[in-house]
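# Descriptive structure summary
Given next are the chains, with one letter for each unit.
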2 protein chains.
Amino acid sequence: MTQTLSIAALFDTIVAIFAKAGLSPDQAAAVARTVTAGERDACKSHGIYRIEGCLRTVKAGKVNPLAEPTVTVDGAIVRVDAQGGFAPLAFERGAPVLAETARRHGLAAMAIGDCVHFSALWPEIEQLTAQGLAALAMCPSYSSVAPAGGIQALLGTNPLAFGWPRPGNPYVFDFATSVVARGEVELHRRAGKPIPEGWAIDAEGAATTDPTAALAGALLPFGGHKGSAISTMIELLAAAMIGENDSVTARKVLGDMTLSPTHGELVLAFDPRRFTADPFTAAEALLEAIAGQGARLPSQRRFAARAAAETEGITLTPDETARLERFLSLGLDAV
Amino acid sequence: MTQTLSIAALFDTIVAIFAKAGLSPDQAAAVARTVTAGERDACKSHGIYRIEGCLRTVKAGKVNPLAEPTVTVDGAIVRVDAQGGFAPLAFERGAPVLAETARRHGLAAMAIGDCVHFSALWPEIEQLTAQGLAALAMCPSYSSVAPAGGIQALLGTNPLAFGWPRPGNPYVFDFATSVVARGEVELHRRAGKPIPEGWAIDAEGAATTDPTAALAGALLPFGGHKGSAISTMIELLAAAMIGENDSVTARKVLGDMTLSPTHGELVLAFDPRRFTADPFTAAEALLEAIAGQGARLPSQRRFAARAAAETEGITLTPDETARLERFLSLGLDAV
């Protein structure tokens, strides 16, 4: 039977699951806020689905469940040392300092280090747009994408996310710099369907439409050499520049792509009002003109799902409910 | 007959052309450095080819040939008021201040305003990487690109450029966020050839492979909705946020796409050594791994052309030589 519960009730359940798994109250709450946001926005790949991977990472001893992130400021650079914990608490501890630093200098960068990453970037971006800031975030992942013209996995699926404050919901995009997520290829494999041309290469570096060969090979970047260049920039800025693992190293040190990787993240925040007196009128005119053409602004599906969840609650499948109950009763023995 | 001349000799000729056209010595030298760099790097679309458009813009009274850009610093924001002049001198005046501000705070933003833009971004990026900084630059242009899912030109071809310092030539990319430049469509039209699918839509918003219909319609962004989102971000950050024309406004105020547009530009600079003690060893390993796969790093063709130009000089076609001579003798009467 399906079950419908409020956003708050789902959040409480997820907090309890992570508390049972041994996370500190602050860690459990931050992870639960992120997972709940995914489920609330019908972004299933970052909702309840993520809990198992997090628990497996805890069980494998690859994350510090009690980490207390530390925050230091140096000029316009905010450094957050996640102390080997999950990313959400590190971000939450750093975000107010990033906002304050961006307001003071006009812009600021937050470099999160030594963090275990499993979340989408948009929940973070939205914490900054809610404070009237524009924000750009990026991080490496596991090497699973070949550079354009290359023959082997080297880059990660390296997400890039951006947000701009608006009345109501912000302008937000958040996407992988690979053509598709690895999970999409896996879904084709399970369905016994070929993947479209241009998604992947096989282990020999040849183009393939066979999902099994693709999973043994590498994904391709979105947008050909342009997307490949952007993905490379993410490795340079959000790994090399901040002294954290790049996607090759993240994969090497863990030796497993089913656990959450350890790497860093770079978040830039801009205070638009420090740049010009009224940055928002022209921005609204542009965004309304885009929507007025019938071109969908990014994140609109998420915002619609969120509005529905806020009034009608979140409906879980019997399988999802059973999984949550199992995690709640068995803790780390469930994974 | 073809003519081969040294980089310095070509530079002197171009300076003389712009001096004859009425530019101040500093404006003429800055514009000439940019045009010479394009020709030197065999980036023909930004070399001698650009001179005529610049001269036409001067003749039309749409640029201040004697502009003295001003530079002010506010926190980590460097504001350059180009005073209606061409972009290169504004950039050159601001760049040392941007570099100093980035070193002081770890990162900084330069907002160039009221400038007439005709140049590629990579000559600017390379001025910053030469000082050991990473840099990200972007600007709007003329609205000629429809947002993904849209039916009309709204976004510009909005270039995005990034650089990372390396021993020898830096890592640099610089590309339009449209699938192709408008000039590519024009070349197909002249050759009587259809354009590939996915490049453009016609005036009714329908997909087209007819270059004439495409020129009356709109280009498409690279990489589908992802490239469209990045292009939109460029309008927000490098137009709305800095209080300068977006691509729609730039086209509207000039009413002509053959003259150089007036808008702003946003350049971010990062001092990698402020972020971590050794950002460069890991970066080199990554870039060498990419090149080691046979994947070409961006800008390699430019660097090869530059090396050749430095030893062998630059060879001009008879037509190019004739054009330079005409500009030199007739000044603005040549256009």
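Just so it is clear, the structure is predicted and the values come from calculations on it, not from any experiment.

### Observations regarding the environment of A304(A)
All names here are of chain A. Position of A304 among the secondary structure elements: in helix α12 (residues 300–312). Among the residues examined, A304 registers a relative accessible area of 48% and is labelled partly exposed. Sequence spacing of A304 and E204 is 100 residues, and the spatial spacing of their C-alpha atoms is 43 Å.

### Comments concerning the confidence of the model for chain A
Should pLDDT be low for a region, the predicted coordinates there are not to be read in detail. The pLDDT averaged across chain A works out to 96; a share of 100% of its residues lies at or above 70. Here the complex is predicted with pTM 0.97, and the ipTM for its interfaces comes to 0.97.

### Details of the sheet that holds strand β8 (residues 200–201) of chain B
Residues and elements named next belong to chain B. Taken in spatial order, the three strands make up an open sheet running β9-β8-β10, and their pairing is antiparallel. In this open sheet, the two edge strands, each paired with only one partner strand, are β9 (207–208) and β10 (218–219). Relative to β10, β8 is paired through two bridges, and the arrangement is antiparallel. By the bridge assignment for β10, I201 is matched with A218.

### Thoughts on the pairing of strand β4 (residues 107–116) of chain B
Residues and elements named next belong to chain B. Of all the 10 residues making up β4, nine are buried; the element is thus mostly covered by neighbouring parts of the structure. Handedness of the crossover joining strand β3 (residues 77–81) and β4 through helix α4 (residues 87–105) is recorded here as right-handed. One ladder, built from eight bridges, connects β4 with strand β11 (residues 262–270); its direction is antiparallel. The partner of L107 across the bridge, within β11, is F270.

### Some words on the domain arrangement of chain A
Residue and element names in this part refer to chain A. You can read the domains of chain A as domain 1 (1–59 + 299–335), domain 2 (71–172 + 224–295) and domain 3 (179–220). One C-alpha centre belongs to domain 2, the other to domain 3, and the line joining them spans 27 Å. If you look at the interface, domain 2 gives nine residues, while domain 3 gives eight residues. If you sort the residues of domain 2 by the area they bury against domain 3, S144, A146 and I151 come out on top, with a joint share of 52%. Remark: the boundary between domain 2 and domain 3 carries zero salt bridges. Summed over the shared surface of domain 2 and domain 3, the result is two residue pairs in polar contact (both at pLDDT 80 or more). Here the side of domain 2 that touches domain 3 is built from residues that sort into five nonpolar, four polar and no charged.

### Side note on the relation of the copies chain B and chain A
Taken as rigid bodies, chain B and chain A are interconverted by a rotation of 180° and an axial shift of 0.0 Å, the fit giving an RMSD of 0.0 Å. Here the two chains are linked by the operation of a two-fold rotation axis. Across chain B, the smallest distance between a C-alpha and the rotation axis is recorded for G223(B), namely 2.1 Å. A share of 100% of interface residues in chain B that are also interface residues in chain A marks the association as one of identical surfaces.

### Describing the interface of chain B and chain A
Taken together, the contact between chain B and chain A spans 63 residues of the former and 63 residues of the latter. Across the chain B/chain A interface, buried area totals approximately 5100 Å², and carbon plus sulfur atoms make up 75% of it. At the junction of chain B and chain A, the tally comes to two salt bridges. Note that R274(B) is salt-bridged to D74(A), the shortest N-O span being 2.9 Å. Remark: the boundary between chain B and chain A carries 16 residue pairs in polar contact (both at pLDDT 80 or more). With 10 residues, helix α8 (residues 224–240) of chain B is the largest single contributor of residues to the side of chain B that touches chain A. Across the side of chain B that touches chain A, the residue classes break down as 43 nonpolar, 14 polar and six charged.

### A short note on empty space enclosed by the protein
With the rule as written, the count across this model stands at four cavities of 30 Å³ or more. Of the voids in this model, the largest cavity is the one considered here, and its volume is about 50 Å³. Lining the largest cavity, in full, are L136(A), M138(A), L160(A), M233(A), L136(B), L160(B), I230(B) and M233(B). Those elements that place two or more of their residues in the lining of the largest cavity are β5 (134–138) of chain A together with α8 of chain B. Of the residues contributing to the lining of the largest cavity, the split by class is eight nonpolar, no polar and no charged. Empty space within the second largest cavity amounts to approximately 50 Å³.

### Notes on the side chain of E284(A)
Residues and elements named next belong to chain A. By the element assignment, E284 lies in helix α11 (residues 280–292). The buried category is assigned to E284, whose relative accessible area is 14%. Those residues in contact with E284 that sit more than four places away from it in its chain are R166 and P167.

### Focus on the pattern of salt bridges
Scanning all chains against the criterion turns up 34 salt bridges over all chains. Here D41(B) and R40(B) are joined by a salt bridge, their closest N and O atoms 2.8 Å apart. Overall, D41(B) belongs to the buried group, its relative accessible area being 2%. Between K44(B) and E320(B) there is a salt bridge, and its shortest N-O distance comes to 2.7 Å. In this pair, K44(B) sits in the loop between α2 (25–40) and α3 (49–59) while E320(B) sits in helix α13 (residues 318–330), placing the two residues 276 residues apart along the sequence. Overall, E320(B) belongs to the buried group, its relative accessible area being 8%. Salt bridges sharing common partners tie together R40(A), D41(A), E126(A), R302(A) and R306(A).

Calculation rules
Residues numbered from 1 in each chain as written. Chains lettered and ligands numbered in written order. Predicted model: local features only at pLDDT ≥ 70, side-chain atom pairs only at ≥ 80, totals over all residues. Heavy atoms only, no water. Helix = DSSP H or I, 4+ residues; strand = E, 2+ residues; numbered from the N terminus. Buried < 20%, exposed > 50% of the residue type's maximum accessible area, 1.4 Å probe, protein only. pLDDT = per-residue confidence, 0-100. Pairing = 2+ DSSP bridges. Right-handed = clockwise from strand over helix to strand, strands pointing away. Domains from an automatic or database assignment. Contact = heavy atoms within 4.5 Å. Buried area = accessible area lost by both parts, 1.4 Å probe. Salt bridge = Lys/Arg side-chain N within 4 Å of Asp/Glu carboxyl O. Polar contact = N/O pair within 3.5 Å; in protein donor to acceptor, adjacent residues only side chain to side chain. Nonpolar A, V, L, I, M, F, W, Y, C, P; charged D, E, K, R; others polar. Least-squares fit on C-alpha atoms with pLDDT ≥ 70 in both. 1 Å grid on protein atoms, 1.4 Å probe; cavity = no way out; pocket = protein on both sides within 12 Å on 5 of 7 lines; lining within 4 Å. Points joined across faces, edges and corners; volume = space filled by probe spheres on them.

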